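What follows is each chain in one-letter form.
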Amino acid sequence: MRSIDLMVKDLQQLVRNWMTPVFLVAMPIGFTLFFGMIFSGAGGQSDPRLPVAFVDQDNGSVLSTHLLDLLEASDAIRPVASDESVDRVERKVGKDMAAAVIVPAGYSERVLAGEDVPLTVVADGGTAAGSTAQTAIQAAAVRLRGAVKAAQLSAEALEAQGQAADESFLMGALDEAIAAWRQLPLTVVATQSRAAVEKEEKPSVMATRYGQASPGMMVQFSIAGIMGAAQILVLERKSRSLQRLLTTAISRVEIIVGHYLTMFVMILAQLAVLISFGQLLGVNYMREPVAVLLLAVTMALWTASLGLLIGTLARTEEQAIIFSLIPMFVLSALGGAWMPLEVTGKAFQTVGHLLPTAWAMDGIQNIIVRGLGLESALLPAGIMLAYAVVLFALAAWRFKFE
Amino acid sequence: MKVLDIALKDLRRFLRNYFFLGLGIGVPVLVGAIFYFAFGGLASDGRFNLPQIDVVVVNLDEPVAAYGNFSAGEMLADFLKSEELGGLLAVTESNSAATARAAVDRQEADVAIIIPADLSAAMFDPQGRAVIEVYHDPTLTIGPGIVKSIVTQFVDALTGSRIAASIAYAQLAKRGVTVDGTTIQNIAMRYGEWSASLAEGQGAGTLLTVRSPAGSKEQGNRLLAMIGGIMASMIIFYAFYAGAASALTILQEKEDGTLPRLSTTPTPMSAILGGKLIAVFALIIVQVSVLMAFSSLVFKTTWGAPGPMLLAIVGLVVLAGSFGIFVMSWLRDTRQAGIVLGGVMTVVGMVGISSVFTGTVPGAGGGIAATLPLFTPHGWALRAWRLAMDGGGIGDVLLPLVVMLALTAVFFSIGVLRFRKRLGGH
């Protein structure tokens with residue numbers, strides 16, 4: 001009971017400072033929105049495909065028109081017709097445009113005459129956007145030239161039968177071939193694991209947009225949140241309040257537990273707000289409420305243990321800040337809170353998964369993105385719990401009252 | 001001389017302070033090292049190597065007996081297991097689509113490719129349709145994208161053969177010519193040969209001439225440039241921290257009573273304040289120099305031409321220092337400093353340097369992501385640094401420099417006026 005009293009006092013002290021909710025809630029919400037927006041293709045454009053400048057120096061010829069059609073059909077890029085000079089368009093590549101495709105003058109006539117005339121593509125193949133655009137343009141170019149080849153083979157077959165293949169025959173065959181390429185008999189379809197198909201749930205755009213930013217900022221700012229509580233502990237030690245407490249009926253264990261509970265409740269409340277906010281954004285945390293609760297509780301437990309350890313080790317308020325910020329940066333980055341671990345190397349991923357933050361990300365994303373059930377939260381929760389026990393034991397062992 | 005004595009005293013105090021050493025030097029080095037480790041540090045050739053993609057292939061395709069047991073599914077499975085894709089894909093096979101999907105759900109595999117039973121049949125049936133499924137973990141984007149692209153290229157070759165054959169059949173029929181199976185097969189084969197020659201690279205240059213936009217970097221250099229960009233952003237981010245933390249000593253000394261004591265000596269308050277302000281700027285110069293030297297030695301960062309870079313450094317030092325003085329001048333006491341250092345500086349700083357991270361994400365570099373950082377002083381500092389690092393000349397960094405100096409004048413004037421008013425003295 002005395003631990004609870006101590007916790008209530010600590011919480012009152014924290015809440016009285018108007019900066020606390022700003023730091024605990026407003027900042028992570030702001031960053032979730034910011035990163036969610038920019039990592040979903042900047043500003044939520046209605047067409048999320050990569051923009052590719054299309055410069056037609058062949059003036060709307062048969063093949064350039066068909067190429068534009070095929071590029072329009074791509075699910076990776078969207079052509080943006082441009083009348084600007086090649087130099088100006090080229091300067092936009094890597095900034096406003098992922099790539100540029102230039103159809104040279106006389107392209108259609110020469111290709112239909114059997115010449116090999118390449119399209120010019122300006123793309124930075126070293127960037128994800130550039131290489132994606134380049135692959136999509138190449139696919140469209142293969143299909144265009146494939147259609148020409150099909151028309152030419154038809155013409156040859158007709159001539160082999162003793163009939164002349166005039167231009168109208170060639171154009172008719174070409175039109176048919178292009179139409180066939182736009183209605184593919186064999187297709188490749190990407191589907192996502194259960195989140196997308198279970199219970200006829202549609203793949204949530206919001207889950208995609210905020211599926212990284214929402215749990216990522218939650219993980220990062222839960223660690224940042226312990227800073228204030230750790231500072232209170234330092235302040236109480238410096239002002240000898242902790243020593244004075246020992247002269248009362250409250251036991252040492254109750255004091256430690258009281259401070260631990262403060263951090264736990266504070267982080268749990270922070271997570272509850274952030275989860276609710278994520279839900280409002282369309283991230284479906286509530287599809288598995290028990291799993292999310294389990295993950296939030298274990299996350300709050302291990303983070304509170306870390307906070308208690310920081311409050312124990314720090315001798316000054318400055319130390320409490322730095323001892324909080326360093327783990328916040330390191331654990332967030334290595335745990336995949338800033339960027340998906342997919343984009344890092346294997347060794348980085350392995351190191352990341354030695355940390356509770358990576359497991360917190362895995363656990364939450366198992367629910368909100370992968371669409372898995374309670375069982376998928378058990379291992380991440382278990383690992384976070386183990387961290388909580390070890391860190392709490394360390395903090396209790398090193399806890400100083402003076 | 002008293003001004004310099006005070007500045008030197010403050011500087012010495014800071015350089016002995018582990019808080020500054022940890023936050024001002026240690027953390028930026030740590031974050032730079034994490035990114036170096038994440039993206040390039042472990043690659044033997046200095047390039048980023050994408051981890052192998054774990055793929056489960058389920059080939060349900062049934063060979064077509066009428067066409068010599070032709071099996072498109074087997075061809076695709078063999079292609080995916082081929083040596084040329086060995087470095088990219090780690091392929092295992094499964095007989096069941098459900099098992100393969102479950103492996104992806106359990107994160108034991110990144111992607112499952114499910115080849116349908118009717119793939120080969122669809123090749124020969126004019127009305128036939130078949131769908132190859134690339135089932136993937138939704139948290140992954142790069143790996144599944146690559147796999148889909150590989151499978152699509154293969155399928156396009158098959159599709160093209162079918163289209164060529166069916167177009168020839170239909171077009172010749174319109175001219176009243178009925179072609180036999182051998183002719184159709186021959187057309188499909190000739191298309192296949194043409195497609196294979198493209199795939200082998202013999203004819204790829206006939207389709208596209210690809211060139212990089214002016215100013216783009218080679219991949220090895222790109223990694224170094226990326227790490228350099230991250231280090232520049234860290235230097236800027238923590239220079240502002242250092243500016244604020246060092247300006248905090250003015251409040252600290254006031255609370256500790258050393259400032260009032262100093263004011264009883266013949267030293268004018270303007271000299272005391274001046275000394276402290278010099279210490280703020282000197283500290284940032286030391287910090288920036290140490291971090292740049294470290295980054296050059298360890299991460300092989302190149303900083304561009306000396307002239308523009310020097311201007312960018314000067315801009316950063318004066319701006320970060322004056323911003324620190326400005327922010328601290330609004331605090332009542334040092335107790336508010338923790339929140340300001342940990343909160344306000346973090347938020348403003350993260351927004352200001354966010355373009356370093358968003359610029360690498362497809363489609364995320366423009367719009368609000370490009371504009372928002374320019375509402376922070378950090379954003380202008382980063383712009384000047386990146387222009388200098390990208391090989392820009394003095395003319396290129398002039399605009400951000402002018403903005404930085406204007407901001408400096410505003411922050412410095414307000415900050416110093418407020419401190420003078422609060423500290424009083426002569």
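As the structure is a prediction and not an experimental result, all values here were calculated from the model.

Reading guide: rules and limits
- Residues numbered from 1 in each chain as written.
- Chains lettered and ligands numbered in written order.
- Predicted model: local features only at pLDDT ≥ 70, side-chain atom pairs only at ≥ 80, totals over all residues.
- Heavy atoms only, no water.
- Contact = heavy atoms within 4.5 Å.
- Buried area = accessible area lost by both parts, 1.4 Å probe.
- Salt bridge = Lys/Arg side-chain N within 4 Å of Asp/Glu carboxyl O.
- Polar contact = N/O pair within 3.5 Å; in protein donor to acceptor, adjacent residues only side chain to side chain.
- Nonpolar A, V, L, I, M, F, W, Y, C, P; charged D, E, K, R; others polar.
- Pairing = 2+ DSSP bridges.
- Helix = DSSP H or I, 4+ residues; strand = E, 2+ residues; numbered from the N terminus.
- Right-handed = clockwise from strand over helix to strand, strands pointing away.
- Axes fitted to C-alpha atoms, helices over the stretch in contact; angles between N-to-C directions.
- Core = buried A, V, L, I, M, F, W, Y, C linked by side-chain atoms within 4.5 Å.
- Buried < 20%, exposed > 50% of the residue type's maximum accessible area, 1.4 Å probe, protein only.
- Domains from an automatic or database assignment.
- Patch = residues over 30% accessible without salt bridge, like charges linked within 9 Å, V, L, I, M, F, W, Y side chains within 5 Å.
- Areas by Shrake-Rupley, 256 points an atom, 1.4 Å probe, with all protein chains shown as cover.
- Expected span 1.5 Å × (residues − 1).
- Parallel < 35°, antiparallel > 145°, perpendicular 65-115°, else oblique.
- Left-handed = near helix turned anticlockwise from the far one by under 90°.
- pLDDT = per-residue confidence, 0-100.

1. Observations concerning the interface of chain B and chain A
Inference 1: Contacts between the two partners involve 101 residues from chain B and, on the opposite side, 102 residues from chain A.
Inference 2: When chain B packs against chain A, the two sides together hide about 8,900 Å² of surface, and 68% of this comes from carbon and sulfur.
Inference 3: The tally of links between chain B and chain A comes to five salt bridges.
Inference 4: Between glutamate 90 of chain A and arginine 211 of chain B there is a salt bridge whose closest N-O contact spans 2.8 Å.
Inference 5: Put simply, chain B and chain A have 23 residue pairs in polar contact (both at pLDDT 80 or more) between them.
Inference 6: Of the residues in the side of chain B that touches chain A, the class split is 59 nonpolar, 29 polar and 13 charged.
Inference 7: The sheet contact formed by strand β5 (residues 186-192) of chain A and strand β4 (residues 130-136) of chain B spans seven bridges and is parallel. Directly across from valine 189 of chain A, in β4 of chain B, lies its bridge partner glutamate 133 of chain B.

2. Regarding the pairing of strand β2 (residues 77-81) of chain A
Residues and elements named next belong to chain A.
Inference 1: In this structure, strand β1 (residues 50-56) lies alongside β2, joined through five bridges in parallel fashion. Residue pairing across strands places phenylalanine 54 opposite alanine 81, the latter belonging to β2.
Inference 2: The parallel pair β1 and β2 is bridged by helix α3 (residues 62-72), and the resulting crossover is right-handed.

3. Focus on the sheet that holds strand β2 (residues 89-94) of chain B
Hydrogen bonds along the backbone pair up the strands of a sheet, which may run parallel or antiparallel.
Inference 1: Spatially, β5(A)-β4(B)-β3(B)-β1(B)-β2(B) is the arrangement adopted by the five strands of the open sheet, whose pairing is mixed. Of all the strands in the sheet, the pair left with one neighbour each is β5 of chain A together with β2 of chain B. Between one strand axis and the next, the sheet turns through 25° on average, direction left out of account.
Inference 2: Across five bridges, strand β1 (residues 53-59) of chain B lies against strand β3 (residues 111-115) of chain B in parallel orientation. When the bridges of β3 of chain B are listed, valine 55 of chain B appears paired with valine 111 of chain B.

4. Overview of the nonpolar core
What tends to happen in soluble globular proteins is that the nonpolar side chains get buried as a cluster.
Inference 1: Core analysis: the largest hydrophobic core is formed by 166 residues, its most contacted members being Leu316 and Trp385 of chain B.
Inference 2: When residues of this core are assigned to their parent elements, the largest contribution, 18 residues, is made by helix α9 (residues 219-256) of chain B.
Inference 3: Setting aside chain neighbours within four positions, we find tryptophan 385 of chain B in contact with Ala232, Ile235, Ile236, Val288, Met292, Trp303, Met309, Ala312, Ile313 and Leu316 of chain B.
Inference 4: Counting 58 residues, the second largest nonpolar core, distinct from the first, contains Val52 and Ala157 of chain A together with Ile187 and Leu207 of chain B.

5. A look at the pairing of strand β3 (residues 99-103) of chain A
Side chains on a regular strand alternate between the two faces of the sheet.
All names here are of chain A.
Inference 1: In terms of burial, β3 is a largely internal element, five of the five residues being buried.
Inference 2: Of the two faces of β3, the one holding Ala99, Val101 and Val103 and the one holding Ala100 and Ile102 are both buried throughout.
Inference 3: Pairing between β1 and β3: five bridges, direction parallel. Within the sheet, the bridge partner assigned to alanine 53 lies in β3 and is alanine 100.
Inference 4: The pairing of β3 with strand β4 (residues 119-123) spans four bridges and is classified as antiparallel. Of the residues in β4, the one forming a bridge with valine 101 is valine 121.

6. Some remarks on the domain arrangement of chain B
Inference 1: Considered domain by domain, chain B is made up of domain 1 (2-42 + 217-423) and domain 2 (53-207).
Inference 2: One C-alpha centre belongs to domain 1 of chain B, the other to domain 2 of chain B, and the line joining them spans 55 Å.

7. Concerning a nonpolar patch on the surface
Inference 1: Taken together, the side chains of Val290, Leu374 and Leu378 of chain A present a nonpolar region at the surface, about 260 Å² in accessible area.
Inference 2: By secondary structure assignment, the location of leucine 378 of chain A is in helix α16 (residues 375-398).

8. Re the domain arrangement of chain A
Inference 1: The domains assigned to chain A are domain 1 (2-39 + 212-398) and domain 2 (50-199).
Inference 2: Between the C-alpha centres of domain 1 of chain A and domain 2 of chain A there is a distance of 51 Å.

9. Some remarks on unusual backbone geometry
Across the chain, the bulk of peptide bonds are trans and the bulk of non-glycine residues have phi less than zero.
All names here are of chain B.
Inference 1: At glutamine 107, a residue that is not glycine, the phi angle is positive and equals roughly 65°.
Inference 2: Relative to the elements of secondary structure, glutamine 107 occurs in the loop between α4 (97-105) and β3.
Inference 3: Positive phi values are uncommon outside glycine, yet lysine 300 reaches one of about 55°.
Inference 4: Within the secondary structure layout, lysine 300 lies in the loop between α11 (269-299) and α12 (306-329).

10. Remarks on helix α6 (residues 142-174) of chain B
The periodicity of an α-helix, 3.6 residues per turn, causes residues three or four places apart in sequence to face the same way.
Inference 1: Counted at 1.5 Å a residue, the expected span for α6 of chain B with its 33 residues is 48 Å, and the 46 Å between its end C-alpha atoms agrees.
Inference 2: Immediately downstream of α6 of chain B, the backbone of glycine 176 of chain B shows phi near 80°, a positive value.

11. Let's talk about the packing of helix α1 (residues 2-15) of chain B against α11 of chain B
Each packed pair of helices is defined by two parameters, the angle between the axes and the distance between the axes.
All names here are of chain B.
Inference 1: Running from N to C, α1 and α11 point in directions that differ by 45°, and their axes come no closer than 7 Å. Here α1 is positioned oblique relative to α11, judged by the angle of their axes. For the pair α1 and α11, the sense of crossing is right-handed. When α1 is examined against α11, the residues Val3, Ile6, Ala7, Lys9, Asp10, Leu11, Phe14 and Leu15 are found in contact with a partner set consisting of Ala271, Ile272, Gly274, Gly275, Lys276, Ile278, Ala279, Ala282, Leu283 and Val286.
Inference 2: Taken together, the residues of the contact of α1 with α11 sort by class into 13 nonpolar, two polar and three charged.

12. Let's talk about the confidence of the model for chain A
Detailed reading of the predicted model is not advised wherever pLDDT is low.
Inference 1: Per-residue pLDDT for chain A averages 84, and the proportion of residues at 70 or more is 92%.
Inference 2: Predicted confidence for residues 195-203 of chain A stays below pLDDT 50, and this span has 12 contacts to residues more than four positions away or in other chains.

13. Considering the sheet that holds β4 of chain A
Inference 1: Within the open sheet, the five strands sit side by side as β2(A)-β1(A)-β3(A)-β4(A)-β5(B). Their pairing is mixed. In the strand order of this sheet, the two ends are held by β2 of chain A together with β5 (208-211) of chain B, each with one partner. Within the sheet, the average angular offset between the axes of one strand and its neighbour, ignoring direction, is 25°.
Inference 2: Summarising the sheet, β4 of chain A and β5 of chain B pair through four bridges and their orientation is parallel. Directly across from valine 121 of chain A, in β5 of chain B, lies its bridge partner valine 210 of chain B.
Inference 3: In the packing of α3 of chain A onto the sheet, the strands contacted are β1, β2, β3 and β4 of chain A, and the crossing angle to β1 of chain A comes to about 175°.

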